[in-house]
Amino acid sequence: MTVMLQTMLKTCAVSALAAAAFAASAAAECQLDESGYPATAAGFIQTASSCLETPPAGVVYRPDLEQRLAELVNADRVEVGLKPLILRSGLIDASRLHAADMATSGYTQHRDALNRGHADRLRVVDRTLLSGMSGENIAFVPADKFDGDVAALLTALKAHPANNQNIRRDGFTHMGVGVSETETGVYLTQVFVRLEGELAAPMPASLASRERIIADFLRPGQDVYGWRLVTPEGETLAQRRGRGLTASDINQTAYLDVAVRDDVDDTVRYVRGPMLSGGQ
């Protein structure tokens, strides 16, 4: 593998859940079962922190396969003239958690028991991520079809045209890979995003006081202009100019969208930020 690929495969951020400082829950046993992860952001993070520390019963995490699969994906992209994707720890966490959930409950679907998709999981798990478009690949390889060769995992992913399109989508910049193995087979999850920027610090799942939205963006001349809170269905609950966000603004579980002003072309647009819990 080239030096460029080795560099791009390095994890680019400290784990978002580790940064959330749920030290007590991380020491607890993973309580994941067929009901999946809790509905609230805070509850999800607590359970997820435990499950990232210790896999659910009967599940083995395979970071060796995750790394090798990421290498093969980037080699595939480079072969067709695309830039390799950067591994991001928050995306790895989100991928690994969904692979573990699928392995625990024995399903292979994008949506979990509470009908949450990959975008919901990303916005719970990666507490500094500000993203544009995103996508997810999933696959299952039965135990009798897997001999340890990671190429079989890539073949399983690329067998679906939509998965192959995600792997070769030019607009993505970052990815995460999760591989969970059980006695029945191997469960795979990949998530992809176009990174627009990052919050300066992980956003708390539940606000105890006033928070200021401080962020860095990839494009020069961009800065925070305001924010809005939206439901999973896209309904706007609250909207304001400026950086200030308080607990009183959030009376139910909502998603934070950050309004970004671009001084170069004098436009304002929204990028997707973390999920927040309210009314607790």
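Let us look at the structure shown here. (Residues numbered from 1 in each chain as written. Predicted model: local features only at pLDDT ≥ 70, side-chain atom pairs only at ≥ 80, totals over all residues. Heavy atoms only, no water.)

1. So, the overall build of the protein chain
- Each helix and strand in the protein chain was counted, giving nine helices and 12 strands.
- Evaluated residue by residue, the protein chain yields a buried proportion of 51% over its 280 residues.
- Across the protein chain, the fraction of contacts at a sequence separation of at least 24, relative to all contacts at a separation of at least 6, is 71%.
- With an accessible surface of roughly 12,500 Å², the protein chain has 50% of that area assigned to carbon and sulfur atoms. (Helix = DSSP H or I, 4+ residues; strand = E, 2+ residues; numbered from the N terminus. Buried < 20%, exposed > 50% of the residue type's maximum accessible area, 1.4 Å probe, protein only. Contact = heavy atoms within 4.5 Å. Areas by Shrake-Rupley, 256 points an atom, 1.4 Å probe, with all protein chains shown as cover.)

2. A look at the layout of surface pockets
- Quantified by volume, the largest pocket comes out at close to 370 Å³.
- Forming the boundary of the largest pocket are 19 residues, of which N115, R116, D120, P232 and Y255 lie nearest the centre.
- Listing elements by their share of the lining of the largest pocket, those giving two or more residues are α7 (118-125) and β12 (267-276).
- No other element matches the three residues that α7 contributes to the lining of the largest pocket. (1 Å grid on protein atoms, 1.4 Å probe; cavity = no way out; pocket = protein on both sides within 12 Å on 5 of 7 lines; lining within 4 Å. Points joined across faces, edges and corners; volume = space filled by probe spheres on them.)

3. As for the pairing of β12
- Looking at chain direction, strand β11 (residues 254-262) and β12 are connected through eight bridges and run antiparallel. By the bridge assignment for β12, Y255 is matched with M275.
- Where β11 folds back on β12, the antiparallel hairpin that results is connected by four residues, among which D266 adopts a positive phi of roughly 55 degrees. (Pairing = 2+ DSSP bridges.)

4. Some remarks on the state of the cysteines
- Throughout the structure, instances matching the rule amount to one disulfide.
- The side chain of C30 participates in a disulfide bridge whose partner is C51; the two sulfur atoms lie 2.0 Å from each other. Negative torsions about the S-S bond denote left-handed disulfides, and the value of about 75 degrees found for C30 with C51 makes this one right-handed. Residue C30 is found in the loop between α3 (23-26) and α4 (41-53), and its partner C51 is found in helix α4; the two are separated by 21 residues along the sequence. Neither C30 nor C51 differs from the other in exposure class; each is buried. (Disulfide = S-S within 2.5 Å.)

Geometric values such as these leave the question of function open.
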